[in-house]
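# Reading the structure
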Amino acid sequence: MTRRGRFITLEGGEGVGKTTNLALVVDHLEAHGIEVVRTREPGGTPRAEAIRGLLLDPAGNEPLDDDAELLLVFAARAQHLARVVRPALERGAWVVCDRFTDATFAYQGGGRGIDASRIAELEAFVQRGLTPDLTLLLDMPMAAAQRRLEGRLDHDGGERDRFERERAEFFEAVRRAYLARAKAAPDRVCVVNADQPLDAVQDELRTLLDDRLEAWS
Ligand code: TMP
């Protein structure tokens with residue numbers, strides 16, 4: 001019987017360098033001969049990407065209700081789990097996902113103020129016990145992350161999405177909620193200091209991955 005693949009998630013606020021570091025994680029695992037499925041949330045399938053559009057689109061004058069936002073996040077997750085994540089894990093591939101349910105506890109819980117117990121109910125309903133084996137949380141002070149986000153937006157000429165338009169207090173609450181998640185699950189969530197030169201961040205990530213690869217072998 002094929003052994004179930006490992007499920008690794010990458011988390012952090014806006015501007016912490018998730019995209020660059022996700023590529024490093026995927027490359028490092030592939031260099032060890034592992035088949036990796038790289039994906040993201042919200043999204044990862046055409047229908048889940050359409051839900052992502054609803055979540056991120058700042059357009060229109062109809063505010064998105066917080067509960068509707070939470071349910072959309074989990075609707076996208078249910079679709080993504082059914083179509084991409086579970087099938088990949090079952091055939092023995094590893095899944096590296098840019099954000100997962102820790103982001104819901106951070107953004108909808110910390111940021112929007114939704115009670116963690118309600119998020120946990122949806123988590124149990126949608127995930128039926130499936131949780132990441134390892135979560136890499138890229139952390140940096142909010143001001144530094146905001147400067148990097150601004151630099152990226154200036155460079156790409158991009159518009160801020162619906163979350164990126166939030167105020168500083170929202171992002172402080174997101175960061176606090178992420179760190180609280182890490183504290184509550186220290187064996188699963190590894191906090192990486194992202195406020196250092198990229199080489200140093202990537203050395204830390206490689207070491208963390210090598211430790212896990214050894215522990216899991
Ligand atoms: P990204 O910036 O990493 O592409 O993610 C898109 C946004 O979606 C980001 O601002 C965080 C938000 N988000 C939530 O609010 N809840 C969630 O559960 C997830 C996965 C993302």
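These notes cover the structure that comes with them. Owing to the predicted nature of the structure, the values given are computational and were not obtained by experimental measurement.

The next point concerns the packing of aromatic side chains. Counted by the stated rule, this structure contains six aromatic pairs. With centroids separated by 5.6 Å and ring planes inclined at 70°, the aromatic side chains of Trp94 and Trp216 adopt a geometry described as edge-to-face. Here Trp216 lies in helix 8 (residues 198-216) and Trp94 lies in strand 3 (residues 94-98), a separation of 122 residues in the sequence. The same class applies to Trp94 and to Trp216, which are both buried. Ring centres of Tyr107 and Tyr178 lie 6.4 Å apart, and the angle between their planes is 85°; on these two criteria the pair is classed as edge-to-face. Taken together, the residues Tyr107 in helix 4 (residues 101-111) and Tyr178 in helix 7 (residues 168-184) connect sequence positions 71 residues apart. The buried category is assigned to Tyr107, whose relative accessible area is 5%. Here the guanidinium or amino end of Arg77 rests over the ring plane of Phe100, the centre of that ring lying 5.0 Å away. Between Arg181 and the ring centre of Phe105, over which it is positioned, the NZ or CZ distance is 3.8 Å.

Quick look at the environment of Thr2 now. In this fold, Thr2 is placed in the segment before strand 1 (7-11). You can call Thr2 partly exposed: its relative accessible area is 48%. In this structure the C-alpha to C-alpha distance between Thr2 and Leu138, which are 136 residues apart in sequence, comes to 32 Å. Excluding residues that lie within four positions of it along the chain, Thr2 makes contacts with Glu90, Arg91 and Gly92.

Running from amino to carboxyl end, helix 3 (residues 66-90) crosses helix 4 at an angle of 175°, the nearest separation of the two axes being 11 Å. The angle between helix 3 and helix 4 falls in the class roughly antiparallel. Of the residues in helix 4, those touching helix 3 at Glu69, Leu70, Val73, Phe74 and Arg77 are Thr101, Thr104 and Gln108.

Considering all chains together, one arrives at one cavity of 30 Å³ or more under this definition. Each pocket or cavity is described by its volume, and for the largest cavity that value is around 130 Å³. Surrounding the largest cavity, 15 residues form its lining, Gly13, Glu14, Val16, Met140 and Arg175 being those nearest its centre. Every element with two or more residues in the lining of the largest cavity is listed here: strand 4 (134-139), helix 6 (142-156) and helix 7. At four residues, the largest contribution of residues to the lining of the largest cavity is made by helix 7. Grouping the constituent residues of the lining of the largest cavity by class yields nine nonpolar, three polar and three charged.

What counts, and at which threshold
- Residues numbered from 1 in each chain as written.
- Predicted model: local features only at pLDDT ≥ 70, side-chain atom pairs only at ≥ 80, totals over all residues.
- Heavy atoms only, no water.
- Phe/Tyr/Trp six-rings, centres within 6.5 Å; stacked < 30°, edge-to-face > 60°.
- Helix = DSSP H or I, 4+ residues; strand = E, 2+ residues; numbered from the N terminus.
- Buried < 20%, exposed > 50% of the residue type's maximum accessible area, 1.4 Å probe, protein only.
- Lys NZ or Arg CZ within 6 Å of the ring centre and 35° of its normal.
- Contact = heavy atoms within 4.5 Å.
- Axes fitted to C-alpha atoms, helices over the stretch in contact; angles between N-to-C directions.
- Parallel < 35°, antiparallel > 145°, perpendicular 65-115°, else oblique.
- 1 Å grid on protein atoms, 1.4 Å probe; cavity = no way out; pocket = protein on both sides within 12 Å on 5 of 7 lines; lining within 4 Å.
- Points joined across faces, edges and corners; volume = space filled by probe spheres on them.
- Nonpolar A, V, L, I, M, F, W, Y, C, P; charged D, E, K, R; others polar.

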